[in-house]
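Analysis of the macromolecular model
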Amino acid sequence: MLRDITIGQYYPADSVIHKLDPRTKLFATLLFVISLFTFRNPVGLGLAAVFMASFIWLSKVPFGYMVKGLRAIVVILIITALFNLFLTPGEPLVKFWIFSISQEGFISAGKMAMRLIFLIIGTSVVTLTTTPNALTDGLEKALRPLNAIKIPVHEIAMMMSIALRFIPILVEETDKIMKAQIARGADFESGNLIKKAKNMVPLLVPLFISAFRRANDLALAMEARCYHGGSGRTKMKPLRYQKRDGIAYMIVIVYFGVMIAVGIWL
Amino acid sequence: MSMILDKVDYKYSPGTAYEKHALREVSLKIEDGQFIGVIGHTGSGKSTLIQHLNGLMKATSGAIYYNGEDIYDKDYDLRKLRQKVGLVFQYPEHQLFETTIFKDVCFGPKNKGLSQKDAELKAFEALRAVGLPENLWYQSPFELSGGQKRRVAIAGVLAMKPEMLILDEPTAGLDPKGRDEILDQVAKMHREWKMTVILVSHSMEDVANYVERLIVMNRGKVMLDGTPREVFAHYKELEEVGLSAPQVTYLMHELRRKGLSVDVNATTLEEAKDSILKTFGAK
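Along each chain, residues carry numbers from 1 onward, in the same order as the chain's sequence is written. Each chain gets a letter, beginning with A, and each ligand a number, beginning with 1, in the order they are written. In keeping with the predicted nature of the model, local features appear solely for residues at pLDDT of at least 70, side-chain atom pairs appear and are counted solely at 80 or more, and the whole-chain, interface and lining totals rest on all residues. Here the side-chain values reflect all heavy atoms present in the structure, with hydrogen atoms and water set aside.

This paragraph deals with unusual backbone geometry. Residues and elements named next belong to chain B. Its identity as a non-glycine residue notwithstanding, glutamate 169 has a phi of 45°, on the positive side. Segments assigned H or I by DSSP are reported as helices when at least four residues long, segments assigned E as strands when at least two residues long, and all are numbered from the N terminus. Mapped onto the elements of the fold, glutamate 169 is located in the loop between strand S7 (164–168) and helix H6 (176–193). In this model, arginine 219 sits at a positive phi of 50°, which is unusual for a non-glycine residue. Tracing the chain through its elements places arginine 219 in the loop between strand S9 (213–218) and strand S10 (221–226).

Next comes the structure, spelled out in structure tokens:
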């Protein structure tokens, strides 16, 4: 039931996208996300769709897997679309009671929804094709210049990797606790909102206790191995750019340029 | 009155890279009042199997009948089934949440819809049955030792008065004394409450002394099913799948090889002792 959460989950496969340097993927994602906000017409949308479809195809991750990630944002998606639909001023298309839908609203709701969907799917390709470790390694290295202005880049990266690593563990734990309580007759589904919240207590208490215990164990294990932060720490597998990264950078930059151009002239 | 599994098949995450065939057409009949041991290596499907028995997991294909009713029927009330088939998971930490042990044990019977008074009565009985000292009852369950926590967890399920009690690795992580105490207690409950008990374990020694029927799981299939005596006769095959017979079996086979006419099928220490004494007495 909870196994459907795909955010931050790695999908092992042997593909070009999997092999790319995490920094390349981060940079590409950044440009892709920005590009989503440059287009104003269907041509840009189509280009973004083609670009996204091609790297999904290259990644060899089943498409259904990414769509599952969308479930988490369905509510946000609906709310955003509704707001855009009803609150955009313009020539009313349909009118009933105090609501009116304008053509502009209709278009902007569609655009907003598409953007959000592309945003989630596009970014989930990165997390699905990159192990959490590689991702934080890449982030740490890419953000290293920020050390100069006293931002603890290594610590932030470490916290991120731990947080990501713990998602599947805690999801699994939640699943187990739920089962143990359901076996004792707990009911997590029926009842009104207040009753539902109350019914969560038997789930949340063991979960919190377990999370704290795990955090404590981890801190102890890190200390026992003399962890003292990032300074002077070397990597077993340092990140190095390959030829394919150069090609990927070129493709992404060309795509971005085209998107900007389309945004300006079309 | 019994539980029947008909070609139960289960796959984890079907259609993805993580697909795992956990159960392969498992067919079993569990009679009322039996004391059954389920044994298998890690990943053999034993935990998956027992979660099917109370409807926590739904078979990918196949059917399960409890007391003649199909539990996958649309109208079948799975919550009722879970009250009749009590499942205690391996880690008591996953279910303890109340401020006191007593309140925690009341959780099950209260979910069953019993009044506060009846629930407390059931909790009282259950805590008695697992042999937890009364002076601990109003303490926080989080301050207990591992063995005591496990007792509370068992009591928490027992308080629902199930007809069938399933225990997943109830002895994992306990010292030999704690292990024997828990298993003795379970055996006593089986006798006195006339429950069907299913004990899941990966230790042959644990179950050999207690159960009347052993089911050996391997790679999602039932490999052997019979009395401990019958199962341990296949001790060579058990070794091949990473399990072993109790040490007694090895000792008896070794004695037989050295020329003593002992009973190689003795499964418990008691039987072995009698058999050895008999051979010497006969001389």
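Residue and element names in this part refer to chain A. A residue counts toward a patch only above 30% relative accessible area and without a salt bridge, and it is joined to like-charged neighbours within 9 Å or, for Val, Leu, Ile, Met, Phe, Trp and Tyr, to nonpolar neighbours within 5 Å. To be clear on the numbers: accessible area is Shrake-Rupley with a 1.4 Å probe, and residue cover counts the displayed protein chains and nothing else. Here a salt bridge means any side-chain nitrogen of Lys or Arg lying within 4 Å of a carboxyl oxygen belonging to Asp or Glu. Taken together, Leu93, Val94, Phe96, Trp97, Phe99, Phe106 and Ile107 make up a surface patch of nonpolar side chains, about 790 Å² in accessible area. Contributing elements (two or more residues each) for the nonpolar patch: strand S1 (92–96) and helix H6 (103–129). The element that contributes the greatest number of residues to the nonpolar patch is S1, accounting for three residues. Residue leucine 93 is classed as exposed on the basis of its relative accessible area, which comes to 52%. Burial classes follow relative accessibility: with a 1.4 Å probe on protein chains only, a residue under 20% of its type's maximum area counts as buried, one over 50% as exposed, and anything between as partly exposed.

Here a residue-residue contact requires only that any non-hydrogen atoms of the pair lie within 4.5 Å. With 24 residues of chain B at the contact, the number on the chain A side is 22 residues. The contact between chain B and chain A buries some 2,100 Å² in all, and 62% of this surface belongs to carbon and sulfur atoms. Take the accessible area each of two parts loses on contact, using a 1.4 Å probe, and add the two losses: that sum is the buried area. Area buried by chain B at its contact with chain A is led by B:Tyr18, B:His94 and B:Phe97, which between them contribute 30% of it. Our enumeration of links across chain B and chain A arrives at two salt bridges. Note that A:Asp187 is salt-bridged to B:Arg79, the shortest N-O span being 3.4 Å. Between N or O atoms, a polar contact is any pair within 3.5 Å; within protein, one atom must be a potential hydrogen donor and the other a potential acceptor, and residues adjacent in sequence are included only when both atoms are from side chains. Taken together, the connections running from chain B to chain A amount to eight residue pairs in polar contact (both at pLDDT 80 or more). Mapped by element, the contributors of at least two residues to the side of chain B that touches chain A are helix H2 (78–84), helix H3 (101–111) and helix H5 (146–158) of chain B. Considering every element that reaches the side of chain B that touches chain A, the biggest residue donor is H3(B), with four residues. Class assignment for the residues of the side of chain B that touches chain A results in 12 nonpolar, eight polar and four charged. All amino acids are sorted into three groups, where Ala, Val, Leu, Ile, Met, Phe, Trp, Tyr, Cys and Pro are nonpolar, Asp, Glu, Lys and Arg are charged, and the leftover types, Gly among them, are polar.

Let us now look at the side chain of A:Lys179. Mapped onto the secondary structure, A:Lys179 falls in helix H8 (residues 153–183). We count Lys and Arg on the positive side and Asp and Glu on the negative side, and we leave His and both chain ends out. Buried charge A:Lys179 goes without a salt bridge, the closest partner of opposite sign being A:Asp175 at 4.0 Å. Within polar-contact distance, the side chain of A:Lys179 engages the side chain of B:Gln51 at 2.7 Å. Those residues in contact with A:Lys179 that lie beyond four places of it in its chain are B:Gln51, B:Leu56, B:Met57 and B:Phe89.

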